[in-house]
Amino acid sequence: GKHKFRTFTLRKVEELVGYGLENVKAPSLNRHSGKHLEAPDYHKQMQQKDTVIIDVRNAYESDIGHFQPPKGGATLLDPKMRTSQDFPNWLNAPETKEQLKDKTVMMYCTGGIRCERATALLNQITEAEEDFQTKDVVMVRGGIERYLKTFPQGGFWKGKNYLFDKRMEQVPSHKAEESLQADVESVCCVCHTPHAQYRGQHKCAKILPSSGLPCAVPVIVCDSCQDRATQEPNSLECPLCKEGYQTPDTAPDLVGQKRKLGIIVKGGKDLVTGQKVYQKSSTEEDRPSRRLFCGKLPLTVTASSLRQAFGTLDAKIETIQWIVDHDTRAFYGSAFCQMASLEDAKKVETASGAIQIVRWKNQKSKSNKRIRVTYAPPREKETWPPPVSYRETEYPPIWGGNIT
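Quick look at the structure, then. Worth saying up front: this structure is predicted, and the values here are computed from it rather than measured. (Residues numbered from 1 in each chain as written. Predicted model: local features only at pLDDT ≥ 70, side-chain atom pairs only at ≥ 80, totals over all residues. Heavy atoms only, no water.)

1. Here we look at the sheet that holds strand 2 (residues 51-55)
Strand order in the open sheet made by the five strands is 1-6-5-2-4, with parallel pairing throughout. Where the open sheet ends on each side, the last strands, each with one partner, are strand 1 (35-37) and strand 4 (75-77). In this sheet, adjacent strand axes meet at a mean angle of 30 degrees when their direction is disregarded. As paired elements, strand 2 and strand 4 share three bridges and run parallel to each other. Directly across from Ile53, in strand 4, lies its bridge partner Leu76. Of the strands in this sheet, strand 1, strand 5 (104-108) and strand 6 (136-140) touch helix 6 (residues 113-128), which is tilted by about 175 degrees from strand 6. (Pairing = 2+ DSSP bridges. Helix = DSSP H or I, 4+ residues; strand = E, 2+ residues; numbered from the N terminus. Axes fitted to C-alpha atoms, helices over the stretch in contact; angles between N-to-C directions. Contact = heavy atoms within 4.5 Å.)

Encoded structure:
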């Protein structure tokens, strides 16, 4: 078991689970995290009425395995997430709140980490909204993995537990092969025969109306269809796209909730992160600017690849300034770009979310990460553009370069 992961990577991120709740949007784990139940107690809770159980993993993980509470027990809810960033919007939807109202809410994920933030998010919302209350919010300690070790016959688990290491999947260790096969509900996206393994790194090619980008959710392809899927990648479609499902588009006002609950105090300081909420003036809000903030850049980005990406929009960058951590001086995926003209800045800002970066000089494939671009007009008394002494570097400081 010592070689389950291919590599070890250590880097700073804005949030451990990518719910899009970084910085001042982050819910307080100390104040709002849900209760932990050991696997036997979690198992018993699934048998109770007035209970809902939420799979807070991505939809492609749920497709090959999920909890199946007994008849008369908890109701299973699937948020149908393409990525974790879909969860806050799903949770904020009126129909979701109606399903959770006055219920005991159970959550589960692979090992428990995603549940820590998901339960905290729900508890913050219910504390801030008087007309939306739950009985309790709980999670299984150690996630699905510990539950299956506690119940080697499977308990109320059905199918496989998707894993992100070389094992790929986990199944109940003492469950008969015949029963495991009977649990399979997912199908190959090409021939539609029952199959429950992700092999070949195939992804959904359908375009999402909300972003104009490919869905890119992993899809199941059986052994017999591997060659066809490789030759016809544009034909691959995930169950969510086949259904025509679109994520709710209204996010919760988490900063407003934290103000209401006194977590953001007078002066704008957030007691969770220690950061100060910056409020733009009415004249500054969304004001076009030659300076752009570019976030969610791949850590392998270079100045040349960024210029190349913007160049596809016929937009020219004058200066790039990598944004680094105040203490470590390490790059974490953001930069300021001074555009050659306001017109160039508008072209790039309008295309935000559709810009892809080539990660290596000789690499033809592009990063699937969505680059976030917003106007970033300099604040009062801020020195911008950088002084003449500033020297732009090809690589961000994570590569060992220096900001001067």
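And the narrative resumes.
2. Quick look at the pairing of strand 2
Burial analysis of strand 2 places five of its five residues in the buried class, which makes it a mostly covered element. Side-chain alternation along strand 2 places Thr51, Ile53 and Asp55 on one buried face and Val52 and Ile54 on a second face that is also buried. Taken together, the five bridges between strand 2 and strand 5 define a ladder with parallel strand orientation. Pairing of Val52 across the sheet is with Val105, part of strand 5. (Buried < 20%, exposed > 50% of the residue type's maximum accessible area, 1.4 Å probe, protein only.)

3. Here's the deal with the sheet that holds strand 13 (residues 372-375)
Pairing within the open sheet is antiparallel, and its four strands lie in the order 11-12-10-13. The two strands at the open ends of the sheet, each matched to only one other strand, are strand 11 (317-324) and strand 13. Recorded for the sheet is a direction-independent mean angle of 25 degrees between the axes of neighbouring strands. Pairing of strand 10 (residues 291-295) with strand 13, which is carried by four bridges, proceeds in the antiparallel orientation. Looking at the pairing, Phe293 lines up with Thr374 of strand 13. Strands in contact with helix 12 (residues 303-311) are strand 10, strand 11 and strand 12 (331-339); relative to strand 11, the strand with the most contacts, it is inclined by about 130 degrees. Strands in contact with helix 13 (residues 342-350) are strand 10, strand 12 and strand 13; relative to strand 13, the strand with the most contacts, it is inclined by about 140 degrees.

4. Observations regarding the nonpolar core
Judged by nonpolar contacts, the single largest core of 48 residues is most densely connected at Ile54, Val56, Phe87, Leu100 and Met107. Looking at this core, the elements that each hand over two or more residues are strand 2, helix 3 (59-64), helix 4 (87-92), strand 5, helix 6, strand 6 and helix 10 (239-243). Among the elements that make up this core, the one with the highest residue count is helix 6 (five residues). Those residues in contact with Leu100 that sit more than four places away from it in its chain are Val52, Ile54, Leu77, Leu91, Val105, Leu122, Phe132, Gln133 and Thr134. In this structure, Val301, Ile320, Ala351 and Val373 belong to the second largest nonpolar core, which totals 25 residues. (Core = buried A, V, L, I, M, F, W, Y, C linked by side-chain atoms within 4.5 Å.)

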